[in-house]
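Per-entry structural report
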Amino acid sequence: MIRTHSSPEDELSDLTAFIAGLPKAELHVHHVGSASPRIVSELAARHPDSKVPADPEALAEYFTFTDFAHFVQVYLSVVDLIRDAEDVRLLTHEIARDMARQNVRYAELTVTPFSSTSRGIPDAAFVEAIEDARRSAERELGVVLRWCFDIPGEAGLIAAEETARIATDTSLGADGLVSFGLGGPEIGVERPQFKPYFDRAIAAGLHSVPHAGETTGPQTVWDALTELRAERIGHGTSAAQDPKLLEHLAEHRIPLEVCPTSNIATRAVDDLEQHPIKDMVKAGVRVTVNSDDPPMFSTDLNTEYGIAARLLGLDAEGIAGLAKNAVDASFLDAGGKRRISEEIDAYTAAWRQKH
């Protein structure tokens, strides 16, 4: 349970070091969207026919979004830089390295196979690349990665079929795959049309974690729950507009994957002071904090925890409770959850003794 207090804003700065050292799990972070500026610049230089600038300063301006549709346009241009299996492998390992620097112990990375296979990377080569990076990340960096294969909603049912095929093909050896998702634009992309593909994935043993309620209203969240059998909701920002929906989420312990800075960057929320995370927590909803596409939004998971701490008025133990929410809401095995939770408790107890 998240503990809150009414500390002055200046006290939040004292929690920065606590957050930096806190063992964490992340549940909503995109594969290509996590490409660091250095990697994006290198890939852009290797592929000069791309629209993505190789110069870091120009890249920062390029990553300034006017709205969600513009964000998707920019995101897809970066996707186009991932053109072979080696690009996939290097990108994935670099993401894990950035996570390790933030003391992320476990992450469920949202991966979009269709974005690579439709550009000519064979599905077997794609899976082999991310699996190789996953194993090396755990061995060398101590970061445990798992995959959510998601449908890019803007690509329609062709992409849905391809994603479901890859996700359910056990011969490909995607041993880190734990869930099936749906991303991309929500406006004009109705959730119910993807029901058959989620049914196939769930029948194959995967968890359902679609995006919903980011740029559309609460009905999109209801559709994700009733039609796609969502076990967690990506974003769910508009759920706060529907008290019955919040009550349902709280009663059934369905977590929301909240990404504050992302919501501002894509104009899903006007400003942080109006972010509905406070209403979600007040309603008893299980909230997790995530970074979404961190380099694109000039953020990271530590920054998002700091933002949540300020908005919710959390002390160190409250922040630790938020971290444990993510562990509890993850699809990690029971032993793995216990190990990270115990590490969070031990870290928090040691911090409390010193402060």
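Details of the structure are given in the entry above.
A few points on the structure. (Residues numbered from 1 in each chain as written. Predicted model: local features only at pLDDT ≥ 70, side-chain atom pairs only at ≥ 80, totals over all residues. Heavy atoms only, no water.)

A separate point is the side chain of Arg 146. Relative to the helices and strands, Arg 146 is located in strand S3 (residues 144-152). Lacking a salt bridge, the buried Arg 146 has Glu 138 as its closest oppositely charged neighbour, with an N-O distance of 4.4 Å. (Helix = DSSP H or I, 4+ residues; strand = E, 2+ residues; numbered from the N terminus. Buried < 20%, exposed > 50% of the residue type's maximum accessible area, 1.4 Å probe, protein only. Lys, Arg positive; Asp, Glu negative; His and termini not counted. Salt bridge = Lys/Arg side-chain N within 4 Å of Asp/Glu carboxyl O.)

One finds Met 99, Phe 149, Phe 180, Phe 194, Ile 233, Tyr 305 and Ile 319 to be the most contacted residues of the largest nonpolar core, which totals 105 residues. A total of 8 residues in this core trace back to one element, the largest contributor, which is helix H16 (residues 316-329). Leaving out residues up to four positions away in the same chain, Ile 233 has contacts with Pro 210, Ala 212, Val 221, Ala 224, Leu 225, Ile 254, Pro 255, Leu 256 and Glu 257. (Core = buried A, V, L, I, M, F, W, Y, C linked by side-chain atoms within 4.5 Å. Contact = heavy atoms within 4.5 Å.)

To continue, consider helix H5 (residues 68-79). Note on helix geometry: an α-helix contains 3.6 residues per turn, so any two residues three or four positions apart are oriented the same way. The end-to-end C-alpha separation of H5 is 16 Å, in line with the 16 Å expected for 12 residues at 1.5 Å each. Among all positions in H5, only Phe 68, Phe 71, Val 72, Val 74, Tyr 75, Ser 77, Val 78 and Val 79 are buried. The inward-facing, buried residues of H5 contact strand S1 (24-30), helix H3 (37-46), helix H4 (56-62) and helix H7 (113-117). Put simply, Asp 67 is the residue that caps the front of H5, since its side-chain oxygen is 3.2 Å from the backbone nitrogen of Ala 69. (Expected span 1.5 Å × (residues − 1). Polar contact = N/O pair within 3.5 Å; in protein donor to acceptor, adjacent residues only side chain to side chain.)

Next up on the list: the sheet that holds strand S9 (residues 287-289). Strand order in the open sheet made by the 4 strands is S6-S7-S8-S9, with parallel pairing throughout. Edge positions in the sheet fall to strand S6 (211-212) and S9, since each has one partner strand and no second. Judged from the 2 bridges that link them, strand S7 (residues 233-235) and strand S8 (residues 256-258) form a sheet pairing that is parallel. Counted as the bridge partner of Ile 233 is Leu 256 from S8. (Pairing = 2+ DSSP bridges.)

What follows concerns the packing of helix H11 (residues 218-226) against helix H12 (residues 243-251). Contact geometry of H11 with H12 gives a least axis separation of 10 Å together with a crossing angle of 35 degrees. For the pair H11 and H12, the crossing hand works out as left-handed. Within the contact between the two elements, H11 uses Pro 218, Val 221, Trp 222 and Leu 225 and H12 uses Lys 244, Leu 245, His 248 and Leu 249. A breakdown of the residues in the contact of H11 with H12 according to their chemical character gives 6 nonpolar, 1 polar and 1 charged. (Axes fitted to C-alpha atoms, helices over the stretch in contact; angles between N-to-C directions. Left-handed = near helix turned anticlockwise from the far one by under 90°. Nonpolar A, V, L, I, M, F, W, Y, C, P; charged D, E, K, R; others polar.)

The subject of this paragraph is the pairing of S3. Extensive coverage of S3 is indicated by the burial of 9 of its 9 residues. The pairing of S3 with strand S4 (residues 177-183) spans 6 bridges and is parallel. Along S4, the bridge assignment pairs Asp 150 with Gly 181. For the handedness criterion, the β-α-β arrangement of S3, helix H9 (residues 156-168) and S4 is classed as right-handed. (Right-handed = clockwise from strand over helix to strand, strands pointing away.)

Our focus in this paragraph is the packing of aromatic side chains. On inspection of all chains with the given rule, the structure shows 3 aromatic pairs. Residues Phe 180 and Phe 198 carry aromatic rings whose centres are separated by 4.9 Å and whose planes lie at 80 degrees to one another, so their mutual orientation is edge-to-face. Linking Phe 180 in strand S4 with Phe 198 in helix H10 (residues 195-203), this pair joins segments that are 18 residues apart in sequence. On the basis of relative accessibility, which here comes to 1%, the residue Phe 180 falls in the buried class. Ring pairing ties together the aromatic residues Phe 18, Tyr 347 and Trp 351, which thus form one cluster. (Phe/Tyr/Trp six-rings, centres within 6.5 Å; stacked < 30°, edge-to-face > 60°.)

Sizing a probe to match a water molecule and rolling it over the atoms shows the empty space that remains. Applying the stated criterion across every chain, the model contains 3 cavities of 30 Å³ or more. In this structure, the largest cavity spans a volume of roughly 240 Å³. Contributing elements (two or more residues each) for the lining of the largest cavity: H5 and S3. Broken down by element, the residue count for the lining of the largest cavity peaks at 5 residues, all from H5. Considered class by class, the residues forming the lining of the largest cavity number 7 nonpolar, 9 polar and 5 charged. (1 Å grid on protein atoms, 1.4 Å probe; cavity = no way out; pocket = protein on both sides within 12 Å on 5 of 7 lines; lining within 4 Å. Points joined across faces, edges and corners; volume = space filled by probe spheres on them.)

If you trace the 5 strands from one edge of the open sheet to the other, you get S1-S2-S3-S4-S5, paired in parallel fashion. If you trace the sheet from one side to the other, it starts and ends with S1 and strand S5 (207-208), each paired once. In terms of strand pairing, strand S2 (residues 104-111) meets S3 through 6 bridges, oriented parallel. Across the sheet, Tyr 106 pairs through a bridge with Val 144, a residue of S3.

Attention now moves to helix H6 (residues 85-101). Along its 17 residues, H6 runs 25 Å from first to last C-alpha, staying within 8% of the 24 Å computed at 1.5 Å per residue. Buried within H6 are the following residues: Asp 87, Val 88, Leu 91, Thr 92, His 93, Glu 94, Ile 95, Ala 96 and Met 99. The elements touched by buried residues of H6 are S1, H3, S2, H7, helix H8 (123-141) and S3. Near the N-terminus of H6, the side chain that reaches the backbone nitrogen of Glu 86, with its oxygen 3.1 Å away, is that of Asp 84. Positive backbone phi, approximately 60 degrees, marks Asn 103, located one or two places after H6.

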